[in-house]
Amino acid sequence: MSNNRVKDIKSTLLSDNYYVLKKLNFNYLMSNGTWVNQMREVYNRGDGAGVLLYNKTKKTIILTKQFRMPTYMSDNEDGFLIEICAGMLDKDDPEACIIRETEEEVGYRIKEVKKVYEAYSSPGVLTEKMHFFIGEYSDDMKVSDGGGLDVEQEDIEVLELNFDDVVSMLHKGEIYDTRTIVLLQYALIHKLLD
Ligand SMILES: Nc1nc2c(ncn2[C@@H]2O[C@H](COP(=O)(O)OP(=O)(O)O[C@H]3O[C@H](CO)[C@@H](O)[C@H](O)[C@@H]3O)[C@@H](O)[C@H]2O)c(=O)[nH]1
Ligand SMILES: [Mg+2]
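Not measured: the values here are computed from a predicted model. (Residues numbered from 1 in each chain as written. Chains lettered and ligands numbered in written order. Predicted model: local features only at pLDDT ≥ 70, side-chain atom pairs only at ≥ 80, totals over all residues.)

In this numbering, the UniProt entry assigns the feature "short sequence motif: Nudix box" (unreviewed entry) to residues 87–108. Taken end to end, residues 87–108 comprises 59% helix and 9% strand; its first and last C-alpha atoms sit 15 Å apart. (UniProt positions renumbered as here; feature names shortened; annotations may be inferred. Helix = DSSP H or I, 4+ residues; strand = E, 2+ residues; numbered from the N terminus.)

Set out below in C-alpha cells:
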C-alpha cells in the first residue's frame, strides 16, 4: 500500500463473527486538491478462484446450482443461482484451490487448469480478488458425485449442460452470476468449444 493521496486511516472492527467487516475512516485528497474525510465499510473474506469446466468433444460445460442467501435477500426469486465451480482460497494457491474445489463440488479430478483472468469481485466493498481459470474435463476424470462438503453444509447440484444451451440462456439474460458470465464470454471470444 502506498498512496500519498490517502492518510490518517483509522480502522474499526465491526464484525469478525465469521469473516471480517471493518469501518475505515480516512482522509482523501480529491483531484481538485482538497482533502475530504471519507468512510468506507470493507468486508474481507479472502480471495477466491473459479473455473469453467469444458469438454470439447461433447461440447458441454459443467456448472453448479446452489442456494445463495444474499441473492434471496435481493430479488432472486427462489435464491438458487447457476454458477461456475468456485471456492475460497483458504490457505491454497489459486490453482491448487480450484483443482480441490472441482473435486469437492462437481466430482471431477482434473489435472490441469489455465489461468485466464484475475479481477476484483466487488471493489467498492470487498477486498476479494477472484482468480479465473478454464479447465478441460472428460468422463474418465469423474471420481464422485460432488455436491460439496457435508461439514460445510454445502448442497450443490451439478449440471452438465450443452454449451449452446447455456449460451442461449446467457443471451436471454438467464445467468445472473458475474463470474459465470465472464467465463462464458471468454469461451465465446476464444471459441473454446468450436
Ligand atoms: N457458518 C458460516 N459458514 C459460512 C459463511 N460464509 C461461508 N460459509 C461457509 O464457507 C463455505 C465456502 O465455500 P466455498 O465453495 O469455498 O466458497 P463459495 O461460497 O463458493 O465462494 C465462491 O464464490 C463466491 C461468490 O459468491 C466468491 O465470493 C468466492 O471467492 C468463491 O469464489 C460455504 O459453503 C459455507 O459452508 C458464514 O457466514 N457462516
Ligand atoms: Mg463454492
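Once the structure has been displayed, the description carries forward.
Near ligand 1 there are 13 residues, and of these Tyr18, Gly48, Ala86, Gly87 and Glu152 occur at the shortest range. Listing elements by their share of the shell around ligand 1, those giving two or more residues are strand S4 (48–55) and strand S7 (85–88). With 3 residues, the top contributor of residues to the shell around ligand 1 is S7. Grouping the constituent residues of the shell around ligand 1 by class yields 4 nonpolar, 5 polar and 4 charged. (Near = placed C-beta within 6 Å. Nonpolar A, V, L, I, M, F, W, Y, C, P; charged D, E, K, R; others polar.)

The next point concerns the UniProt feature "domain: Nudix hydrolase" (unreviewed entry) in the protein. Per the UniProt record, "domain: Nudix hydrolase" (unreviewed entry) is annotated on residues 44–183. Spanning residues 44–183, this segment combines 24% helix with 33% strand, and its end C-alpha atoms are found 24 Å apart.

Below, the discussion takes up the packing of helix H3 (residues 163–171) against helix H4 (residues 178–189). When two helices pack together, their arrangement is given by the angle between the helix axes and the distance between those axes. Between H3 and H4, the shortest axis-to-axis distance is 11 Å and the interhelical angle comes to 120°. As far as their axial angle goes, H4 and H3 are oblique. The hand of the H3/H4 crossing is left-handed. In this structure, H3 uses Val166, Val167 and Leu170 to contact H4, whose residues at the interface are Ile181, Leu184 and Leu188. (Axes fitted to C-alpha atoms, helices over the stretch in contact; angles between N-to-C directions. Parallel < 35°, antiparallel > 145°, perpendicular 65-115°, else oblique. Left-handed = near helix turned anticlockwise from the far one by under 90°. Contact = placed C-beta atoms within 7 Å.)

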